[in-house]
Amino acid sequence: MKNYPAEMLNYHFWASQTILGRMKELPAAVLHQEVNTSFPTIAHALNHIYAVDKTWFMVLTGADMGAALQECMPLSGRILETVDEYVSLFAELAGQYNEWLGSGPDAEQAITLNNPYAGIRETTLAEIMLHTANHGSYHRGNISTMLRQLGYASTMNDYALYWYRQPVSAAL
């Protein structure tokens, strides 16, 4: 049986690299050009996605949520200069996630989150994995809107396109 939460994380990593690939096709200044939207620049949006991805990775691998937030939220303010730096940063974190996924974690393992902003909640690793992918999709949508506001087309990075980029299963 397919591990759908892990598959959604793999989609998330692919989609992030896809939008970064589109960014590499555009003038370098687009990364830091100001827009009037959710984030002041695309670089800020990318920082936010990365900081949240890193936070959830730490929680998935056993860190207390408060400690993970304290370590990772300052990353939201660390603005990188080039798209290539973001490509590397996201790829490195995806590698860490994939290494963790390769260790065979039990997606149904229950954990208690003590979120300083929302309180205590029981959840599973699977829910966190799905949330991480969903959060990235939401903010890649922000980036697509920002690109349009700056006069550029975005790129398709839907889950359905991800399906079609995967090899067809021999079982079909």
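Whatever comes next refers back to the structure up there.
Described below are features of the structure shown in this document. Only a predicted model underlies this, so the values are computations on that prediction, with no experimental measurement involved.

Scanning the protein chain from N- to C-terminus turns up 6 helices and 2 strands. Written out in order from the N terminus, the α and β elements of the protein chain read α-α-α-α-β-β-α-α. On C-alpha atoms alone, the protein chain measures out to a radius of gyration of 17 Å, which is about the 16 Å that the 2.2 N^0.38 rule sets for 172 residues. With the C-alpha coordinates of the protein chain rotated into their principal frame, the extents come out at 45 × 45 × 25 Å. Burial analysis of the protein chain (172 residues in total) assigns 47% to the buried set. Accessible area of the protein chain: about 9200 Å², with a carbon and sulfur share of 54%. In the protein chain, the 9 positive side-chain charges and the 16 negative ones have mean positions that sit 9 Å from each other.

Bringing the environment of His 131 into the picture now. Tracing the sequence through the fold places His 131 in helix α5 (residues 125-149). Residue His 131 is classed as partly exposed on the basis of its relative accessible area of 34%. In terms of polar contacts, His 131 uses its side chain to reach the side chain of Trp 56, at 3.5 Å.

Applying the stated rule across the entire model yields 3 salt bridges. Between Asp 84 and Lys 24 there is a salt bridge, and its shortest N-O distance comes to 3.0 Å. Of the two residues, Asp 84 is situated in helix α4 (residues 83-102) and Lys 24 in helix α1 (residues 4-25); the sequence distance between them amounts to 60 residues. Residue classification places Asp 84 among the partly exposed residues on the basis of a relative accessible area of 42%. In this structure, Glu 127 and Arg 121 form a salt bridge, with 3.3 Å as the shortest nitrogen-oxygen distance. Its relative accessible area of 38% is what places Glu 127 among the partly exposed residues.

The next subject is α5. Here α5 spans 36 Å end to end across 25 residues, near enough to the 36 Å set by a 1.5 Å rise per residue. The first or second residue beyond α5 is Gly 151, which carries a positive phi of 90°.

For α4, which comprises 20 residues, the first-to-last C-alpha distance of 28 Å matches the rise-based estimate of 28 Å (1.5 Å per residue) to within 8%. Among the residues of α4, Val 83, Tyr 86, Val 87, Leu 89, Phe 90, Leu 93, Ala 94, Tyr 97, Trp 100 and Leu 101 are the ones counted as buried. Buried residues of α4, seen end-on, are gathered within an arc of 170° and therefore sit on one face of the element. Seen from the buried face of α4, the exposed residues on the opposite side, beyond 90 degrees, are Glu 92, Glu 99 and Gly 102. In this fold, the buried residues of α4 make contact with α1, α2 (42-60) and α5. Positive backbone phi, approximately 75°, marks Gly 104, located one or two places after α4.

On to the packing of α2 against α5. Between α2 and α5, the least distance of the axes is 10 Å, while the angle of their chain directions is 175°. Our classification of the angle between α2 and α5 gives roughly antiparallel. Contacts from Ile 42, Ala 45, Leu 46, His 48, Ile 49, Val 52, Asp 53, Trp 56, Val 59 and Leu 60 in α2 reach Leu 125, Ile 128, Met 129, His 131, Thr 132, His 135, Gly 136, His 139, Arg 140, Ile 143, Met 146 and Leu 147 in α5. Looking at the contact of α2 with α5 residue by residue, the classes come out as 14 nonpolar, 6 polar and 2 charged.

Time to look at the pairing of strand β2 (residues 119-124). Summarising the sheet, strand β1 (residues 110-115) and β2 pair through 6 bridges and their orientation is antiparallel. Bridge pairing links Leu 113 to Arg 121 in β2. With antiparallel pairing between neighbouring strands as the criterion, β1 and β2 make up a hairpin whose turn holds 3 residues.

Calculation rules
- Every chain begins its residue count from 1, and numbering advances along the sequence as written.
- Per-residue local features of the predicted model are confined to residues with pLDDT of at least 70, and side-chain atom pairs are confined, for both listing and counting, to 80 or more; whole-chain, interface and lining totals are unaffected and use all residues.
- For side-chain calculations, the full set of non-hydrogen atoms in the structure is used, while hydrogens and water are omitted.
- Only runs of H or I of at least four residues qualify as helices and only runs of E of at least two qualify as strands under DSSP, and these elements are numbered from the N terminus.
- Only the C-alpha atoms count toward the radius of gyration. The rule for a globule is 2.2 Å times the residue count to the power 0.38.
- Note on exposure labels: buried denotes an accessible area under 20% of the residue type's maximum, exposed denotes more than 50%, and partly exposed covers the range between, all computed with a 1.4 Å probe on protein chains only.
- Per-residue and other accessible areas follow the Shrake-Rupley method at a 1.4 Å probe size, with only the shown protein chains counted as cover for residues.
- We score Asp and Glu as negative and Lys and Arg as positive, and we do not count His or the chain ends.
- Just so you know, the charge point we use is NZ for Lys, CZ for Arg, CG for Asp and CD for Glu.
- Any pair of N or O atoms that falls within 3.5 Å is considered a polar contact. Within protein, one atom must be able to donate a hydrogen and the other to accept it, and sequence-neighbouring residues count only if both atoms are side-chain atoms.
- Criterion for a salt bridge: a side-chain nitrogen of Lys or Arg within 4 Å of a carboxyl oxygen of Asp or Glu.
- One fewer than the residue count of a helix, multiplied by 1.5 Å, yields its expected span.
- Of all possible arcs, the one meant is that of the directions from the helix axis to the C-beta atoms.
- Any two residues whose heavy atoms approach within 4.5 Å are treated as being in contact.
- Axes, fitted as lines to C-alpha atoms, cover a helix only where it is in contact. Angles between the N-to-C directions of the axes lie from 0 to 180 degrees.
- Oblique is the label for any angle not covered by the other classes, which are roughly parallel (under 35 degrees), roughly antiparallel (over 145) and roughly perpendicular (65 to 115).
- For this classification, Asp, Glu, Lys and Arg are treated as charged, while Ala, Val, Leu, Ile, Met, Phe, Trp, Tyr, Cys and Pro are nonpolar and the rest, including Gly, are polar.
- What makes two strands pair is DSSP finding at least two bridges between them.

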